[in-house]
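Next come the chains, spelled out residue by residue.
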Amino acid sequence: MNLLRSVYLRWKALRLPWRKEIFAGSDLDGNLYFERFVRGASRTRRRVIYRKDLSISEYSDKIIPVQWQAWMRHTRQQPPTVSELLQDIRRQERIAANVLKLAETNSRKPNTSLPGEKFQPENCDLELVSKNRCFAGEVRKYRHASVSTKCTMSFNIYLPDTALSNTTKVPVLFYLSGLTCNEDNMITKGGAIPFLSSECIALVVPDTSPRSSGIEGEDDDWELGTGAGFYVDATQEPWRNHYNMYSYVQTELQQLVFSSFSIDSTRVSIFGHSMGGHGALILSLRNPGYYKSASAFAPICHPSTSNWGQKQFKAYLGPNTEDWAKYDATELVKTYDGPELPILLDQGDSDQFYTNKQLQPSHFVIATKSSKNAIQLQDRMQPGYDHSYYFIQTFMEDHIKFHARYLKN
Ligand SMILES: N[C@@H](CCC(=O)N[C@@H](CSC=O)C(=O)NCC(=O)O)C(=O)O
């Protein structure tokens, strides 16, 4: 930008009493953002002037950074700073580099022998911990060294026989569990496998946080630290080095699974419970078009406004609520602008965490109405059900059949 133009824009950025429109900032591509004050209106009007070398046919929200999109839609009040945009680009570059590294190292087949048999750690990235025959397939537990969380992570996977024989690539469901869980709760108590078997869908169930990362006090509170990763990438000390469950699930684990098993990376859906329901909703809303469908049992729907959320977001993300909105389903759904996303949401009305307002599904349902009809939400209140796995296993068949509809296409 030449000096004259830069001085002019600084002048236009001054909030002078007679000025109706001010210059709010620019992105790294040179698009300019303005804010207009309209008498009597409840909020300002925000607009973008696209950089000069673009033709009108190229004008689109999609070329605007997400931080500026959020500002344009009033999801955030303060315009993003240049250093924030640069930081985000560096973060994306780091993730891309990690994915490349993983794709390279994981191009070998996983070790399928049990520990103590033929396992050679130097030759494989996935260590098979156990395997059990189950409903015309296998449940296997693996562990591996994780780049995102810088510790050993474990997950369970159900593979139907067609995937085990490597004849056909099968679709996959990722399930994110709730507070206090590890990779075992759902696979042993969720009752999912008979339905996955008859639909021929694989299931991946990761752990809910890093473990034994060495962070002081990590195990002291069941709502924070171990078992409570909240599916965010922490930015605050002491968590930021290890508590990166968003990148772990969205990028690292998926690449690992796609490169290791006979799974179709174009047919992926996600679901979860409570904290994991929150995880499933935010991952699907933040990655438009990636997941064919999403569903949740008793999800934490508006974490920025409930104890389950505020406590963890403050610790992992710091005090700025604009940073929380990036991981808050109710905030994200307001600006969702992707392709159609079918969502099924089940909530028991005798769930103690629902009655004490930790979950707030109504906030999500209301916010969905401002999502340009792209979200096809089925929300169901289930009388008499609580927050437990008895509730989850009751409606598991519905959830798997719901996802199967979208995964088969
Ligand atoms: N220990 C707590 C209850 C913890 C609890 O209910 N955890 C749920 C998930 S809650 C939200 O994320 C869970 O799935 N538990 C594991 C299980 O196998 O049931 C308390 O005492 O209140």
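The following paragraphs examine the structure supplied in this document. These numbers were taken from a predicted model, which means no experiment stands behind them.

1. Digging into the side chain of His144
Take His144: it is sitting in strand E5 (residues 137–145). Among the polar contacts made by the side chain of His144, one reaches the side chain of Tyr248 at a distance of 2.9 Å. Not counting the four nearest positions on each side in its chain, His144 is found in contact with Asp125, Leu126, Cys151, Thr152, Met153, Phe155, Tyr248, Glu252 and Leu256.

2. Details of the site of the ligand
Around the ligand lies a shell of 14 residues, among which Leu179, Asn185, Lys189, Ser274 and Met275 are the nearest. With respect to the ligand, the backbone of Leu179 contributes an N or O atom lying 2.7 Å from an oxygen atom. Ser274 is positioned such that a nitrogen or oxygen atom in its side chain is 2.8 Å from an oxygen atom of the ligand. Relative to its free-state accessible area of 540 Å², the ligand is covered by the protein chains to the extent of 71%.

3. Some remarks on a nonpolar patch on the surface
Where nonpolar side chains cluster on the molecular surface, the patch consists of Tyr8, Trp11, Leu14 and Trp18 and spans about 490 Å² of accessible area. Relative to the helices and strands, Leu14 is located in the loop between helix H1 (3–13) and strand E1 (21–26). Among the residues examined, Leu14 registers a relative accessible area of 41% and is labelled partly exposed.

4. Here's the deal with the pairing of strand E6 (residues 152–160)
Within E6, eight of the nine residues are buried, leaving the element largely enclosed by the surrounding structure. Pairing of E5 with E6, which is carried by nine bridges, proceeds in the antiparallel orientation. Across the sheet, the residue bridging to Lys141 is Asn156, located in E6. Where E5 folds back on E6, the antiparallel hairpin that results is connected by six residues, among which Lys150 adopts a positive phi of roughly 50 degrees. As judged from the four bridges shared by E6 and strand E8 (residues 202–206), these two strands associate in the antiparallel manner.

5. Details of helix H9 (residues 307–317)
Among the residues of H9, those classed as buried are Trp308, Gly309, Gln312, Phe313, Tyr316 and Leu317. Down the axis of H9, the smallest arc covering the buried residues is 105 degrees, so these residues share one side. Exposed side of H9, more than 90 degrees from the buried face: Asn307 and Lys314 are the residues found there. With its phi angle positive at about 90 degrees, Gly318 sits one or two positions after the end of H9.

6. A look at the side chain of Gln360
Inspection of the secondary structure assignment puts Gln360 in the loop between helix H12 (352–355) and helix H13 (361–368). Residue Gln360 is classed as buried on the basis of its relative accessible area, which comes to 12%. One polar contact links Gln360 to Thr305, side chain to side chain, over a distance of 2.8 Å. Aside from chain neighbours lying at most four places away, what touches Gln360 is Cys301, His302, Thr305 and Ser306.

Procedures and definitions
- Starting afresh in each chain, residues are numbered from 1 along the sequence in its written order.
- In view of the model being predicted, local features appear only for residues whose pLDDT reaches at least 70, and side-chain atom pairs are presented and counted only at 80 or more, with totals across whole chains, interfaces and linings using the full set of residues.
- Neither water nor hydrogens contribute to the side-chain values; these are computed over all heavy atoms in the structure.
- In this description a helix means any DSSP run of H or I spanning at least four residues, a strand means any run of E spanning at least two, and both kinds are numbered starting from the N terminus.
- Pairs of N or O atoms are called polar contacts if they sit within 3.5 Å, as long as, within protein, a hydrogen donor faces a hydrogen acceptor (for residues adjacent in sequence, only side-chain-to-side-chain pairs).
- Contacts: residue pairs with any heavy atoms within 4.5 Å of one another.
- Distances are taken per atom, and a residue is near a molecule or strand as soon as one of its heavy atoms is within 4 Å of it.
- Exposure was quantified through the Shrake-Rupley algorithm and a 1.4 Å probe, taking into account, for residues, occlusion by the shown protein chains and nothing else.
- A patch consists of residues exposed above 30% relative accessible area that lack any salt bridge, with like charges linked at up to 9 Å and nonpolar side chains (Val, Leu, Ile, Met, Phe, Trp, Tyr) linked at up to 5 Å.
- A carboxyl oxygen of Asp or Glu within 4 Å of a side-chain nitrogen of Lys or Arg is what we treat as a salt bridge.
- The classification of residues rests on relative accessible area computed with a 1.4 Å probe and restricted to protein chains. Under 20% of the type maximum is buried, over 50% is exposed, and intermediate values are partly exposed.
- Should DSSP find at least two bridges between two strands, the strands are taken to pair.
- What the arc describes is the spread of directions from the helix axis to the C-beta atoms.

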